Structure formats: structure tokens, C-alpha cells
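Examination of the molecular architecture
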Amino acid sequence: MRDKSEKKPVTKSVRLTLEEAQMIQRKARDAGLKESDYIRHKLIDSGEIATPKEKVLLQNIMNSAYTALVKAGASEEEIRAFEREAGEIW
Amino acid sequence: MVIFKVVRHSNGGYRYMVNMLRYIFDDRALDMGFNGISCYGTNEERVQKALHEMLIVREFFGKVSGNPLIQFIVSYDSKVNNAHIASALTKEIAKFLDDRHQYIWVLHYKPRIEETGLNACYHAHIVINPVSYVDGKMYSESPENVHAFARYIAGITGTSVRIECAYETTDGKMNSFYDNHYIHPAFPISW
């Protein structure tokens, strides 16, 4: 059951040209998000570098790179530095 | 035969997430001579980071409450007598979730002999973030979804799969059902 605090009772309407509306629709589709999630992401999480889907894909690449580093015998210091940089994704 | 369990604690909250991840990240998974842990879309070295990354996805879609985690347990029979085979099978099985969910799987070893004569030695815990990282939709443990996953496991392992579900009810009690429900592979493999 969804918590009351997570409900979204407010609706904001914005006037757009047909082209602008189509652009938002296309960008949301490209990002794999619903239009409302895409708009919320852009306006509220504007400092974020990526959508959850993009972050998941980046994290998987980082996990593979981490495994390769360990197998290659990287030093503890190098691994910690890598972890710090990888942490920037989230 | 493989035993496939679906476990859900709807009311466990954040504490359940922490306890579950601590349990599956314990030393048993690391005592096999190789890394018996793998993650998809989360950090695989730190429990707290994995938890944090699942919560970020939930927060993005505004779904922090509700099922904190869903756990699948795949218990292999005695024919899977080697950690490397169990690991390879688990890796393939977990791919079923790749398209939509972050997950962590861990391999545990626990010899036991049941009344039915099964000798399950290796079992895998697959813990998923039920909120999809793609569109924020929650994973539904509907019979269709559970059966689809069980059919996939039957296809990977080439053996029959017995489904068991354990869901927490609103009063906090665990409700088990689907006992003795079997899915048979289309193409059985003799090990």
C-alpha cells in the first residue's frame, strides 16, 4: 500500500506549442520514462546526471570494471579511488 | 528438482531491507573459494551502498513505501554438487530480471536432507528492488509472473520446479501457499 506522503494530489497545467509537446513526448520516450516522470526528473532532479535506467547501466559497467581491477591486482588505494569515482553515479 | 520460493514482507520497511541484505551478504557466500555474490544495477561490494542505490530508484518514482524487497530462493538438488555449476545456473536464472529490476544474488551452501529425500546443498537468494528502474512499476507476484519465472528456471536447469510462496499478511503473519505446485521443463536434461 502506498504511503499518503507519496501521493501526488497537485496537478500543474502548462500551455505548450504543439512542437514543444511533441518534443517532450519524444524525449520522455527516448529516456524510457512516462512524460510526467520525465518532466518531474528535469524540473526537480535537474542536478542529476542520469535517469535510474542510465544509472543502472553505468553501475553495471562499473561493477565489471571493478572486477577487472581486482583481477589485475590493483592496489587497495587504487580500488578505493575507483570506488569513490564510481560512487558519483548515484 | 529445484525448489523455487517467493518471499515477500510487505510491512518489513527499511529495517527488513537492512537485515535481509546483511543476511545474504554474510560470509557464507564468500567461503566458496570464489565470489558467490553478484549484483545488477547496484554496488556489489558494500551492503549500505546497494541499499542506497535501490532507495534512490524508489525515491525517483515516489515509491519508497510498500514492499521493500522481494526475495526469490532457488534451492538446487544434490545433482548440482559444485559451487561453480550453482553459480553459473544462478547467473543465468537471474538474467530473467535484467530488463526491469535491480537485484543481488548470493549463493549459500547448506546441506540438508528433507523427508522427501531431497538433498539440497546449494541455494541462491535473489533479492530484487520491486520498483522497476525502467518505469517505476512494482513487480507483481501474480501467479502468471511467478509461473513465468518458474518456467524460465525449468528451462535453464532442465528439471522440474516446485513453487512455494510466503507472503506477509496485513496482521504480520506469513501466509504460505502454492505448495506442491510443479512446473516441468519442456526439454528435460539428465545430469
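Residue positions are given per chain, counted from 1 along the sequence in the order it is written. The lettering of chains begins at A and the numbering of ligands begins at 1, in the order of writing. Given that this is a predicted model, residues contribute local features only at a pLDDT of at least 70 and side-chain atom pairs are listed and counted only at 80 or more, while totals for whole chains, interfaces and linings are drawn from all residues. Only hydrogens and water are removed before side-chain values are computed, so all heavy atoms of the structure are retained for them.

A separate point is the overall build of chain B. When you go through chain B residue by residue, the secondary structure sums to 4 helices and 7 strands. Here a strand is any run of E in DSSP of at least two residues, a helix any run of H or I of at least four, and the numbering for each starts at the N terminus. Ordering the α and β elements of chain B from the N terminus gives β-α-β-α-β-α-β-β-α-β-β. Any residue under 20% of the maximum accessible area for its type is buried, any over 50% is exposed, and the rest in between are partly exposed; the area is computed with a 1.4 Å probe on protein chains only. Within chain B, the proportion of its 191 residues that are buried is 56%. The method behind every accessible area is Shrake-Rupley, applied with a 1.4 Å probe, and residues are considered shielded solely by the protein chains displayed. With the model as given, the accessible surface of chain B reaches about 8500 Å², and the carbon-plus-sulfur share is 52%.

The next thing to look at is a positive patch on the surface. Residues and elements named next belong to chain A. For patches, a residue must show more than 30% relative accessible area and have no salt bridge; joins then use 9 Å for like charges and 5 Å for nonpolar side chains, namely Val, Leu, Ile, Met, Phe, Trp and Tyr. When a carboxyl oxygen of Asp or Glu lies within 4 Å of a side-chain nitrogen of Lys or Arg, that pair is called a salt bridge. Here the positive residues are Lys and Arg and the negative ones are Asp and Glu; neither His nor the chain ends is included. The atom standing in for a charge is NZ when the residue is Lys, CZ when it is Arg, CG when it is Asp and CD when it is Glu. There is a patch of like positive charges on the surface, built from Arg26, Lys27, Arg29 and Lys42. Element by element, the count of residues in the positive patch is highest for helix H1 (residues 18-31), at 3 residues. Topologically, Arg29 is positioned in helix H1. In this structure Arg29 comes out as exposed when scored by relative accessible area, which is 57%.

Residues and elements named next belong to chain A. Domains are outlined according to an automatic or database domain assignment. The domains assigned to chain A are domain 1 (15-48) and domain 2 (49-90). The centre of domain 1, based on its C-alpha atoms, is set 29 Å off from the matching centre of domain 2. Whether two residues touch is decided by their heavy atoms; if any such pair falls within 4.5 Å, the residues are in contact. Residue-level contacts link 5 residues of domain 1 with 4 residues of domain 2. Here the quantity called buried area is the total loss of accessible area, with a 1.4 Å probe, experienced by two parts when brought into contact, counted for both. When the two sides are added together, the surface that domain 1 and domain 2 hide from each other amounts to roughly 410 Å², 52% of it contributed by carbon and sulfur. It is Ala31, His41 and Glu48 in domain 1 that bury the most area against domain 2; as a group they hold 80% of the surface buried on that side. Each polar contact in these results corresponds to two N or O atoms within 3.5 Å; when the atoms are within protein, one needs to be able to donate a hydrogen and the other to accept it, and residues that are neighboring in sequence are counted only if both atoms are side-chain atoms. Remark: the boundary between domain 1 and domain 2 carries 0 residue pairs in polar contact (both at pLDDT 80 or more). Partitioned by chemical class, the residues of the side of domain 1 that touches domain 2 number 2 nonpolar, 2 polar and 1 charged. In this classification, the charged set is Asp, Glu, Lys and Arg, the nonpolar set is Ala, Val, Leu, Ile, Met, Phe, Trp, Tyr, Cys and Pro, and all remaining amino acids, among them Gly, are polar.

What follows deals with the confidence of the model for chain B. For chain B, the mean per-residue pLDDT works out to 81, and 81% of the residues sit at or above 70. For every residue, the predictor states its confidence as a pLDDT score lying anywhere from 0 to 100. The secondary structure element of chain B with the lowest average pLDDT is strand S7 (residues 174-183) of chain B, at 67, and the one with the highest is strand S3 (residues 70-75) of chain B, at 92.

Moving on: the interface of chain A and chain B. Contacts between the two partners involve 23 residues from chain A, matched on the other side by 23 residues from chain B. At the boundary of chain A with chain B, total buried surface from both sides reaches about 2000 Å², with 54% on carbon and sulfur atoms. The tally of links between chain A and chain B comes to 0 salt bridges. There are 2 residue pairs in polar contact (both at pLDDT 80 or more) connecting chain A and chain B. Elements with a minimum of two residues in the side of chain A that touches chain B: helix H2 (35-44), helix H3 (52-71) and helix H4 (76-86) of chain A.

This part is about H4(A). The periodicity of an α-helix, 3.6 residues per turn, causes residues three or four positions apart to be oriented the same way. Listed in full, the buried residues belonging to H4(A) are A:Ile79, A:Phe82, A:Glu83 and A:Ala86. The arc that holds every buried residue of H4(A), seen down its axis, measures 100 degrees, which confines them to one face. Relative to its buried face, H4(A) has exposed residues pointing more than 90 degrees away, namely A:Glu77, A:Arg84 and A:Glu85. Buried positions along H4(A) lie against H3 of chain A together with helix H2 (47-60) of chain B. Comment: arc refers to directions from the helix axis out to C-beta atoms.

A separate point is the environment of B:Gly155. Residues and elements named next belong to chain B. Considering the arrangement of structural elements, one finds Gly155 in helix H4 (residues 143-157). Accessibility expressed as a relative area gives 51% for Gly155, which makes it exposed. C-alpha separation for the pair Gly155 and Val57, spaced 98 residues apart in sequence, amounts to 31 Å.

Before going further, it helps to examine a nonpolar patch on the surface. On the surface, A:Ile39, A:Leu43 and A:Ile44 cluster together to form a nonpolar patch covering roughly 330 Å² of accessible area. Considering the arrangement of structural elements, one finds A:Ile39 in helix H2.

Only buried residues count toward a nonpolar core, which is a set of Ala, Val, Leu, Ile, Met, Phe, Trp, Tyr and Cys residues joined through side-chain atoms within 4.5 Å. Counting 48 residues, the largest nonpolar core has B:Phe4, B:Phe72, B:Tyr76 and B:Ile126 as its most contacted members. Domain assignment of the residues forming this core places at least three in each of domain 1 (15-48) and domain 2 (49-90) of chain A. The next biggest cluster of nonpolar side chains, apart from the first, holds 18 residues, and it includes B:Met20, B:Cys39, B:Ala50 and B:Leu51.

This part is about the packing of H1(A) against H2(A). Residues and elements named next belong to chain A. Here, axes are lines fitted to C-alpha atoms. For helices the fit covers the stretch in contact, and angles between N-to-C directions go from 0 to 180 degrees. Between H1 and H2, the least distance of the axes is 9 Å, while the angle of their chain directions is 90 degrees. The orientation of H1 relative to H2 falls into the category roughly perpendicular. Of the residues in H2, those in contact with Ile24, Gln25, Lys27, Ala28 and Ala31 of H1 are Glu35, Tyr38 and Ile39. Should an angle fall under 35 degrees it is called roughly parallel, over 145 degrees roughly antiparallel, and 65 to 115 degrees roughly perpendicular, with every other angle called oblique.

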